[in-house]
Amino acid sequence: MFIIELTLKNTPIPLSVQRKSAEEADATYQEIVEAMRSGGSNLLELTCDRQIEKKLAVLSDSIAAVSVYEKSSASSSGRTPGFFAMAE
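Residues numbered from 1 in each chain as written. Predicted model: local features only at pLDDT ≥ 70, side-chain atom pairs only at ≥ 80, totals over all residues. Heavy atoms only, no water.

K.L.:
Describe the overall build of the protein, naming the residues involved and giving the relevant values.
P.N.:
The number of helices and strands found in the protein is one helix and five strands. Buried residues in the protein amount to 30% of all 88 residues. Look at the contacts in the protein between residues 6 or more apart in sequence, and 51% of them connect residues 24 or more apart. Surface exposure of the protein reaches about 5,900 Å², of which carbon and sulfur atoms provide 52%. (Helix = DSSP H or I, 4+ residues; strand = E, 2+ residues; numbered from the N terminus. Buried < 20%, exposed > 50% of the residue type's maximum accessible area, 1.4 Å probe, protein only. Contact = heavy atoms within 4.5 Å. Areas by Shrake-Rupley, 256 points an atom, 1.4 Å probe, with all protein chains shown as cover.)

K.L.:
Can you tell me about the nonpolar core, naming the residues and giving the values?
P.N.:
Core analysis: the biggest nonpolar cluster contains 16 residues, and Leu6, Ile32 and Ile63 have the highest contact counts within it. Elements supplying a minimum of two residues to this core: strand E1 (2–8), helix H1 (22–37), strand E3 (43–47), strand E4 (55–59) and strand E5 (63–70). Excluding residues within four positions of it along the chain, Ile63 makes contact with Leu6, Thr7, Leu8, Lys9, Ile32, Met36, Leu44 and Val58. (Core = buried A, V, L, I, M, F, W, Y, C linked by side-chain atoms within 4.5 Å.)

K.L.:
Please provide a residue-by-residue account of the pattern of salt bridges, values included.
P.N.:
In the structure shown here, the tally under the stated rule is two salt bridges. Two residues, Asp49 and Arg19, come together in a salt bridge whose shortest N-O distance is 3.5 Å. Linking Asp49 in the loop between E3 and E4 with Arg19 in strand E2 (residues 15–19), this pair joins segments that are 30 residues apart in sequence. Across the pair Glu34 and Arg37 runs a salt bridge, and its minimum N-O distance is 3.1 Å. A residue pair is termed a helical-turn pair when its members lie 3 or 4 positions apart in one helix, as Glu34 and Arg37 do in helix H1 at three residues. Classification of Glu34 by relative accessible area gives partly exposed; the value is 44%. (Salt bridge = Lys/Arg side-chain N within 4 Å of Asp/Glu carboxyl O.)

See below:
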């Protein structure tokens, strides 16, 4: 399972959706990056592969960062990989 995590401007809590394969995760990542590059305020709607009822809609100009990583049961440190993991 792959996690696509969005960090929004002026919001401390990231939003995330999950994809089953690396290809699907990469396609979603590219969709988000293209929406960010467009410069406009486009509505971006995402769904989660794991929790079917989970839906997410954000304005593309509100996204500060996007991260993709593989969910691993081996990581027992309690920390998720991401942008703030290096700030220790």
